[in-house]
Amino acid sequence: MASLRARLAWARPDPASRIEAPDASLGLCELATASGLGPSASTLAGRSVLVRTARQIGAAQALLELDGVARRLVLCPPDLAAAHLPYVVGAAEVEAIVTDVADPALQALGVPVLRLEAPRAPVPAAAAESEWLLFTSGTTGVPKLVAHSLAALTGATAPPAPAGERPVWATFYDIRRYGGLQILLRALTGGCALVLADPDEPLPDHLSRLARSGVTHMSGTPSHWRRLLMGGQPGAFRPGYVRLSGEIADQPVLDGLRSLFPHARIVHAYASTEAGVVFEVDDGREGFPADFLGRPGPVEMKLADGSLRVRSPRTSTRYVGPDAGPLFDAEGFVDTGDIVEVREGRCRFAGRRNGVINVGGLKVHPEEVEAVINRHPAVRLSMVRARANPITGAVVTADVALVDPAAAASAEGISDLRASILAMCRSALPPHKAPATIRFVPELRITAGGKLDRSNA
Amino acid sequence: MEQHILNGTTRVEGKEGAEPDLPDEQSEIRRRVAACFRTTAAGQDRLLQPLRDDLLLLDSGLDSLCFAIIVAELEDQLGVDPFADLDDAGFPVTFGEFVNLYEAAAGSRH
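Please read these numbers as outputs of a predicted model, since none were measured by experiment.

1. Focus: unusual backbone geometry
Residues and elements named next belong to chain A. Its identity is not glycine, yet Asp305 carries a phi of approximately 50°, on the positive side. With respect to the helices, strands and loops of the structure, Asp305 is situated in the loop between strand 16 (300–304) and strand 17 (307–311). Even without being glycine, Glu344 reaches a positive phi, approximately 50°. Position of Glu344 relative to the elements: it lies in the loop between strand 19 (334–343) and strand 20 (346–352).

Rendered as structure tokens:
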């Protein structure tokens, strides 16, 4: 397998195509032909190298520098706490660090630290097959590392489009996470420009930057897209391709995007750091066709104990670390932990296996309740969680953010809204699944990864 | 509602002439508990029996999910969950005991 840099060169990027951040950019042609690591780059050959950058654009450059050179590259997500670095260095046998910033915490780790500069130096020889270590999303406590190959990571990536028909990519994701990395790799192997997000940039500024850069293809989580839908007006930003992944894409978000971008191809994809990119759906309906299950092909899916299992060349190869458990079952399937229900020829996600609420022995998936609440016209977004209860062990409780928060300003307004949301839940759900209590909140936190923050759930 | 201990008797601020053993607050809790029983029964399509002190909770027409909802709702309204430290008293059996449990918990909170 050719290195990432070789694949970028083969795609023959347009000299004008760049990776753009709000305050910096790098040309794809320079990235393909020059190194920003200087003469010390050769010391990284065959090493395990940690990529810890302050900025996304630095990580993009580092990955191009290291793939095919390093034995292993370990990509830190933006929110990895410095306190976890010593563990990561040990677990991944890190021998060097590449960064874009002067960081004393990195110097203290006891391995050489190399600083990225503008790409000007000759490119070192790249003959190695690098192992990529990524962090799984949604974990708390000790970070969990999984191993991938570039081939697996780019398994769902199309060959480069002819010059003149190439998309301009953008993503709400950070490219140091699996969902964003997918888009970075699509852009690089396809020779396409890429516009990076910046969490500190106000949404209207971000949208006008996307429009100015001529972005045609945009990806994000349903929560990212809901935030855009809340804003109402995308201005001149008119993507031709809208991609959702990383969370359950429910019907309201799909419908909202359809009416906001009537001419776009709207795709929701199922992917995870462990399982890789599994499938895409573009029929505008939530869930996926039941005949995907058991379908022959390189990516196989089945249900076992209610959860989706995947066997595919795009899955990661193993967990890495001192306490790493098995990734595969006896037949080579990865358990995604995502519960799937099959109804009328359609598979729908009913939540995470470990997010299940147990109400007196009856199981409730928070997502199925949220889906009902989110259909209420006054509701912007909801988060359902367990609330400890002395009678049934737990009851369902919902935090609800309203389209118009002023509607919950008076006691009468609160009581009317609560009654009407509950009536909707009771008509659509069995009694134990309807929330016992509803709390109106000004907003619901979205994690840095773009997902509903269930850390307090 | 603020309470102060004055000369060994309890007085409720802003309620001149209130009885020293706080009957107003107690009946307020009783009213809230009863209202909560009624709205929960209505929400769950349950036929609630008349709320007399000797009504057995088992015969009230409510199931355990209804009681779970009532306890959660009362915790929100009153700020107490007497079931959390239900030591020697045991689970209430009648409506009267249920009300007493909340009155005692609300009283000891002050």
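Structure's up, so let's keep going.
2. Quick word on the domain arrangement of chain A
Accessible area lost upon the coming together of the parts is a frequently used measure of interface size. Residues and elements named next belong to chain A. Each assigned domain of chain A is listed here: domain 1 (4–341) and domain 2 (356–440). The straight-line distance from the C-alpha centre of domain 1 to that of domain 2 is 34 Å. Looking at the side of domain 1 that touches domain 2 residue by residue, the class counts come to 4 nonpolar, no polar and 2 charged.

3. So, the sheet that holds strand 20 of chain A
Residues and elements named next belong to chain A. Reading across the sheet, the 5 strands line up as 15-20-19-17-16 and stay open at both edges, with antiparallel pairing between neighbours. Each edge of the open sheet is held by one strand with a lone partner, namely strand 15 (288–289) and strand 16. Bridge count for strand 19 against strand 20 is 6 bridges, and the pairing is antiparallel. By the bridge assignment, Asp338 is partnered in strand 20 with Arg352.

4. Section: the nonpolar core
A:Val49, A:Val51, A:Leu63, A:Leu66, A:Val74 and A:Leu194 are the most contacted members of the largest nonpolar core, which totals 96 residues. If we ignore the near neighbours within four places in the chain, the residues touching A:Val51 are A:Ala59, A:Ala62, A:Leu63, A:Leu66, A:Leu73, A:Val74, A:Leu75, A:Cys76 and A:Val98. In this structure, A:Ile357, A:Cys425, B:Ile70 and B:Phe98 belong to the second largest nonpolar core, which totals 45 residues.

5. A short note on the interface of chain A and chain B
Counting residues at the interface gives 13 residues for chain A, matched by 13 residues for chain B. Residue assignment for the side of chain A that touches chain B shows that the elements contributing at least two residues are strand 23 (379–389) and helix 12 (411–428) of chain A. Taken together, the residues of the side of chain A that touches chain B break down into 6 nonpolar, 5 polar and 2 charged.

6. A closer look at the environment of A:Asp291
Residue and element names in this part refer to chain A. Counting through the fold element by element, Asp291 comes out in the loop between strand 15 and strand 16. Judged by the 9 C-beta atoms lying within 10 Å of it, Asp291 is exposed. On a C-alpha basis, the gap between Asp291 and Cys347 in space is 8.9 Å, while along the polypeptide they are 56 residues apart.

Criteria and thresholds
- In this numbering scheme, every chain counts its residues from 1 along its sequence in written order.
- To read the labels, note that chains go from A and ligands from 1, taken in the order they are written.
- Totals for whole chains, interfaces and linings use every residue, but because this is a predicted model, local features are given only for residues with pLDDT of at least 70 and side-chain atom pairs only at 80 or more, for both listing and counting.
- Note on conventions: DSSP H or I runs of at least 4 residues are helices, E runs of at least 2 residues are strands, and numbering of each starts at the N terminus.
- For every domain, the bounds stem from an assignment made automatically or drawn from a database.
- Asp, Glu, Lys and Arg are counted as charged, while Ala, Val, Leu, Ile, Met, Phe, Trp, Tyr, Cys and Pro are counted as nonpolar; the rest, among them Gly, fall into the polar class.
- Here, a strand pair is defined by DSSP locating no fewer than two bridges between the strands.
- Each nonpolar core consists of buried Ala, Val, Leu, Ile, Met, Phe, Trp, Tyr and Cys residues. Their C-beta atoms, within 7 Å, join them into a set.
- Our exposure labels follow a C-beta count within 10 Å of each residue's own C-beta, placed from the backbone: buried means 20 or more other C-beta atoms, exposed means 12 or fewer, and partly exposed covers the counts in between.
- Contact between two residues is assigned whenever their backbone-derived C-beta positions fall within 7 Å.

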